[in-house]
Amino acid sequence: MTLSTAPRENVASPSGEPIRVMVVDDSSVIRGIVSRWIDASGEMVLAGVAVNGSDAVKRVVALQPDIIVLDIEMPEMDGITALPQ
């Protein structure tokens, strides 16, 4: 897995605040790696994490992330099912 980021001027939110990212993955290892990448970027902050699509759907209203990093294959509710919700 590789992480590519846009130049700094292209990643700021309209308010000038860091971009709030939610990470959704059933693997705690992947959640940890992606969360550390986000924290290290200096341009994004971790808004929250979820362990599957169902958990994400429940949390997204309260967390209000700008971006969601969503795994495809997860138990209970996969990413493709969670995406339109």
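Reading guide: rules and limits
Residues numbered from 1 in each chain as written. Predicted model: local features only at pLDDT ≥ 70, side-chain atom pairs only at ≥ 80, totals over all residues. Heavy atoms only, no water. Helix = DSSP H or I, 4+ residues; strand = E, 2+ residues; numbered from the N terminus. Buried < 20%, exposed > 50% of the residue type's maximum accessible area, 1.4 Å probe, protein only. Contact = heavy atoms within 4.5 Å. Areas by Shrake-Rupley, 256 points an atom, 1.4 Å probe, with all protein chains shown as cover. Expected span 1.5 Å × (residues − 1). Salt bridge = Lys/Arg side-chain N within 4 Å of Asp/Glu carboxyl O. Pairing = 2+ DSSP bridges. Axes fitted to C-alpha atoms, helices over the stretch in contact; angles between N-to-C directions. Polar contact = N/O pair within 3.5 Å; in protein donor to acceptor, adjacent residues only side chain to side chain.

Draft legend 1. Structural context of the overall build of the protein. Across its full length, the protein carries three helices and three strands. For the protein, the residues scored as buried account for 33% of the 85 residues in total. A sequence separation of at least 24 residues applies to 62% of the contacts in the protein between residues at least 6 apart. As displayed, the protein offers around 5,400 Å² of accessible surface, 56% of which is attributable to carbon and sulfur atoms.

Draft legend 2. Just helix 1 (residues 28–41), in detail. Taking 1.5 Å per residue, 14 residues should reach 20 Å; helix 1 reaches 20 Å between its end C-alpha atoms and fits that length. The complete set of buried residues in helix 1 reads Arg31, Gly32, Val34, Ser35 and Ile38.

Draft legend 3. Expanded view of the pattern of salt bridges. Under the definition given, this model contains one salt bridge. For Arg59, the salt bridge is made with Asp55, and the minimal N-O distance between the two is 2.8 Å. Taken together, the residues span about one helical turn, with Arg59 and Asp55 both in helix 2 (residues 53–63) at a distance of four residues. The class of Asp55 is buried, set by a relative accessible area of 16%.

Draft legend 4. Here's a closer look at the sheet that holds strand 3 (residues 67–70). Strands sit in the order 2-1-3 across an open sheet of three strands; the sheet is parallel. The open sheet has two free edges, formed respectively by strand 2 (44–50) and strand 3, since each of these has just one partner strand. For this sheet, the mean inter-axis angle between neighbouring strands, taken without regard to orientation, is 25 degrees. Direction of pairing for strand 1 (residues 19–24) relative to strand 3: parallel, over a ladder of four bridges. Residue pairing for strand 3: Met22 is matched across the bridge by Ile68. Seen against the sheet, helix 1 touches strand 1, strand 2 and strand 3 and runs at an angle of roughly 160 degrees to strand 2.

Draft legend 5. Representation of the environment of Glu76 in the model. Its location among the elements puts Glu76 in the loop between strand 3 and helix 3 (79–82). Of the residues examined, Glu76 reaches a relative accessible area of 67% and is grouped as exposed. When the C-alpha atoms of Glu76 and Ser54 are compared, they prove to be 6.8 Å apart, with 22 residues separating the residues in sequence. When near neighbours in sequence (up to four residues on either side) are disregarded, Glu76 contacts Asn52 and Ser54. Within polar-contact distance, the side chain of Glu76 engages the side chain of Asn52 at 3.5 Å. In this structure the side chain of Glu76 is engaged in a polar contact, spanning 3.2 Å, whose partner is the side chain of Ser54.

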